[in-house]
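Residue strings, one per chain:
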Amino acid sequence: MPCLSCSDLRVSFRIQKKTARAVRGVSFELDDRKTLGIVGESGCGKSVTASSIMRLIPAPPGKIEAGTMLFEGKDLLSIPEKQMREVRGRRISMIFQDPMTSLNPVFTCGHQVAEPLILHKGMGKRAAAELCAELFSEVGIAEPKRVFSSYPHNLSGGMRQRVMIAMALACSPRLLIADEPTTALDVTVQAKLLELLKKLQDAKGMSMILITHNLGIVAGMAHDVMVMYAGEVVESAPARAIFDSPRHPYTERLLKTIPSIEKRSGRLTVIPGTVPTPLEIPDGCPFHPRCQRATERCGKEHPALRRVDGGGGKHQARCHLYG
Ligand SMILES: Nc1ncnc2c1ncn2[C@@H]1O[C@H](COP(=O)(O)OP(=O)(O)OP(=O)(O)O)[C@@H](O)[C@H]1O
Ligand SMILES: [Mg+2]
């Protein structure tokens, strides 16, 4: 049974009397104890998709127009807000790119991690502090006592991110959503934190959604990969199939942007052109103006997401090259 099953999610933002469709019919399944990687360039709708799971879309201007999000027998998009609060931070936790937006500058890190335990789990002050220290050492904080009484701004970026992870794990969630959790950090710290996340996921039996624009990160972490472009899923498959035989020209191009040691001397390939904003999505295939393999049909007809060969029947691509 999947841990999370999302079907036909549609999210829009009302901007200056226009409707920007940021997420346009996204569906996916996340298996129990597995990691789904969501990749795509900036503005493709990754974070909006993730925030919709937690129902954290600012409304207005945002609106979840349609879709279902099945989790533990409930549709998260239709349960009352009171029930949703039970899910948020308890059954599903989220880690963001910038811990400063989630950590409160006026409280010590210890306070911020222990407080939810006292509030949600009814723990006593001392028990919460003990569990907090335990969580801090689990996430590789060498001096839990010092960090416990430190304010976020007194810590390094990597250390702050560890505190965020401890906070996200405090209530033993079943699903962890990590939205670009390491992009703000330098490469060695990044690698360490990703390794840590993977280890914790295994140990705790969590499912995970990992959002990044870096397919290289996804390679070592995700079981399945979903590639988004202009608010849509353009390709999804088991990770190996994505790397061994990408089908969508966009995925191919994204793969070429992964910096590797061999390519270090050369220039990093970036895909020419830009992602269309949700207000100016071109007709036909939204990628066609940037696609080297586009034909006349691509500018006219919107391709459907179709099953392609390989990937154990789980490989899908939205491209006229297939079908
Ligand atoms: N609060 C908001 N108000 C208006 N538009 C928004 C809002 N949040 C997101 N959008 C729009 O929705 C689209 C998708 O944004 P989203 O943040 O999901 O992109 P992303 O794939 O996460 O990109 P990035 O890699 O930069 O994080 C963007 O065009 C963005 O401008
Ligand atoms: Mg984002």
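Just so it is clear, the structure is predicted and the values come from calculations on it, not from any experiment. (Residues numbered from 1 in each chain as written. Chains lettered and ligands numbered in written order. Predicted model: local features only at pLDDT ≥ 70, side-chain atom pairs only at ≥ 80, totals over all residues. Heavy atoms only, no water.)

A few words now on the site of ligand 1. Taken together, 15 residues surround ligand 1, and among them Ser42, Gly43, Lys46, Ser47 and Val48 come closest. Contact distances for ligand 1 include 3.1 Å between an oxygen atom and a backbone N or O atom of Cys44. One of the backbone nitrogen or oxygen atoms of Val48 is found 2.9 Å away from an oxygen atom of ligand 1. Across the complex, the protein chains shield 68% of the 630 Å² of accessible surface that ligand 1 would expose by itself. Looking at the shell around ligand 1, the elements that each hand over two or more residues are β1 (2-15) and α1 (46-53). A total of 3 residues in the shell around ligand 1 trace back to one element, the largest contributor, which is α1. Residues of the shell around ligand 1, tallied by class, amount to 8 nonpolar, 4 polar and 3 charged. (Near = heavy atom within 4 Å. Polar contact = N/O pair within 3.5 Å; in protein donor to acceptor, adjacent residues only side chain to side chain. Areas by Shrake-Rupley, 256 points an atom, 1.4 Å probe, with all protein chains shown as cover. Helix = DSSP H or I, 4+ residues; strand = E, 2+ residues; numbered from the N terminus. Nonpolar A, V, L, I, M, F, W, Y, C, P; charged D, E, K, R; others polar.)

Turning our eyes to something else, we now look at the sheet that holds strand β10 (residues 232-238). One open sheet accounts for 8 strands, arranged β6-β7-β8-β3-β9-β10-β12-β11; its pairing is mixed. Looking along the sheet, the strands with just one partner apiece sit at the ends: β6 (92-95) and β11 (306-307). With 6 bridges connecting them, strand β9 (residues 224-229) and β10 associate as antiparallel partners. Bridge pairing in β10 links Met228 to Val233. Packed onto the sheet, helix α11 (residues 249-256) meets β3 (35-39), β9 and β10 and runs at close to 105° relative to β9. (Pairing = 2+ DSSP bridges. Contact = heavy atoms within 4.5 Å. Axes fitted to C-alpha atoms, helices over the stretch in contact; angles between N-to-C directions.)

Inspection of the entire model under this criterion finds 1 cavity of 30 Å³ or more. Its boundaries defined by the atoms lining it, the largest cavity holds a volume of some 30 Å³. Along its surface, the largest cavity is lined by Glu180, Pro181, Thr182, Thr183, Leu194, Leu210, Ile211, Thr212 and Ile217. Among the elements that make up the lining of the largest cavity, the one with the highest residue count is strand β8 (residues 207-212) (3 residues). (1 Å grid on protein atoms, 1.4 Å probe; cavity = no way out; pocket = protein on both sides within 12 Å on 5 of 7 lines; lining within 4 Å. Points joined across faces, edges and corners; volume = space filled by probe spheres on them.)

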